Amino acid sequence: MGGRSPNDLIANVKDIYYDFYRGRYETDEFWRLLLERFGLKEDDTLNPRKLSQAYIDSYELWPDVLAAAGGLRRAHKVGLISDLTPVMKEHIMRAHDLVKFFDEFVFSCDAGVNAIKNDGPKIFNIMLRKLKKQPSECLFIDNSQSKIDVARAMGMETILFESREQFFRYMELSGLKA
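Computed from a predicted model, the values in this text were never measured in an experiment. (Residues numbered from 1 in each chain as written. Predicted model: local features only at pLDDT ≥ 70, side-chain atom pairs only at ≥ 80, totals over all residues. Heavy atoms only, no water.)

**Here's the deal with the packing of helix H2 (residues 27-37) against helix H3 (residues 48-58)**
Selection rule: Every axis in this analysis is a line fitted to C-alpha atoms, fitted for helices over the stretch in contact. Angles between the N-to-C directions lie between 0 and 180 degrees. Secondary structure elements follow DSSP: runs of H or I no shorter than four residues count as helices, runs of E no shorter than two count as strands, and numbering proceeds from the N terminus. Comment on the angle field: the value is read as roughly parallel under 35 degrees, roughly antiparallel over 145, roughly perpendicular from 65 to 115, and oblique elsewhere. Contacts: residue pairs with any heavy atoms within 4.5 Å of one another. Under the grouping applied here, Gly and all other residues not named as nonpolar or charged are polar, the nonpolar ones being Ala, Val, Leu, Ile, Met, Phe, Trp, Tyr, Cys and Pro and the charged ones Asp, Glu, Lys and Arg.
Between H2 and H3, the shortest axis-to-axis distance is 9 Å and the interhelical angle comes to 100°. As summarised for this structure, H2 and H3 are arranged roughly perpendicular, according to the angle between their axes. Of H3, the residues touching H2 (which contributes Thr 27, Asp 28, Trp 31, Arg 32 and Leu 35) are Pro 48, Leu 51, Ser 52 and Tyr 55. A breakdown of the residues in the contact of H2 with H3 according to their chemical character gives five nonpolar, two polar and two charged.

Below is the structure:
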C-alpha cells in the first residue's frame, strides 16, 4: 500500500464500502473483504473485531446538535436519514438514545432501504412517507454536497452543514427554535 494516496485507497474499496452501508455485507464479511482487497492477513491485532471497534470509536455525535434536533420537535417533525452500517446504527441508537431527538429514522442499511443518499431519491422518499410530508415542506441538512444536491432536486430546502457554528447561526437567523 506504500506510496498510494488516500484517494487511491478509497477508490480501491468504494464498491464494497458503499455496499456495506447499503446493508449488503455483514460486519465481519466486510472487514475480511477489505483486508483481502489490500492483501493484508488477519491476525490478533488486525481482524474484523478490532477494525469494527476502531470504526465505532471514530464516530462522533455532538450533544448540542442532537439537543437542537430534539428542540425542533416541539414545532416540527424531525427525521434522521443516515448512511450507516448495521453495527454503527446499533451503537449510536443505543449510546445516544436517538429516539429522544427524532420522530422517524431511515438508515441506509435497513431492510427494504438498502440505498445510500447518493443513490438518489429512494431513501428520501421513504422518510417523506414516514413523516407524511411533501419535499417542499422539508428542510434537509447534511455535510455532503452530493446528498444536498439530491434533496434539493427533489424540492427540499437544504443546508450544507459545514460546522456547528454555521448550523446554529442558521438556526438563529431563520428563527428556528431549538
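**Section: the packing of helix H4 (residues 63-72) against helix H8 (residues 164-174)**
Threshold: Definitions for this section: a left-handed crossing has its near helix turned counterclockwise from the far helix by less than a right angle. A right-handed crossing has that turn clockwise.
Where H4 meets H8, the closest approach of the two axes is 11 Å, and the angle between their N-to-C directions is 20°. As the angle between them shows, H4 and H8 are arranged roughly parallel. In terms of crossing hand, the pair formed by H4 and H8 is left-handed. Contacts from Asp 64, Val 65, Ala 68 and Leu 72 of H4 reach H8 at Arg 164, Phe 167, Phe 168 and Met 171. Taken together, the residues of the contact of H4 with H8 sort by class into six nonpolar, no polar and two charged.

**Focus: the pairing of strand S3 (residues 139-142)**
The condition is simple: Three exposure classes are used, based on accessible area relative to the maximum for each residue type with a 1.4 Å probe and protein chains only: buried under 20%, partly exposed in between, and exposed over 50%. Here the rule is simple: two strands pair whenever DSSP picks up at least two bridges between them.
Where burial is concerned, the two faces of S3 differ: the one with Phe 140 and Asp 142 is buried and the one with Leu 139 and Ile 141 is not. When S3 meets strand S4 (residues 157-160), the two strands line up parallel, connected through four bridges. Counted as the bridge partner of Phe 140 is Thr 158 from S4.

**Section: the nonpolar core**
Our working rule: Among buried residues, the Ala, Val, Leu, Ile, Met, Phe, Trp, Tyr and Cys ones that are joined through side-chain atoms within 4.5 Å form a nonpolar core.
Within the largest apolar cluster, 34 residues are counted, with the highest numbers of intra-cluster contacts made by Phe 30, Leu 34, Tyr 55, Leu 98 and Phe 102. Ranked by the residues each element gives to this core, the list is headed by H4, at five residues. Contact partners of Phe 30, with chain neighbours within four places excluded, come to Ile 16, Tyr 17, Phe 20 and Tyr 25. Among the nonpolar cores identified, the runner-up in size contains 16 residues, and Met 127, Leu 128, Ile 148 and Met 154 belong to it.

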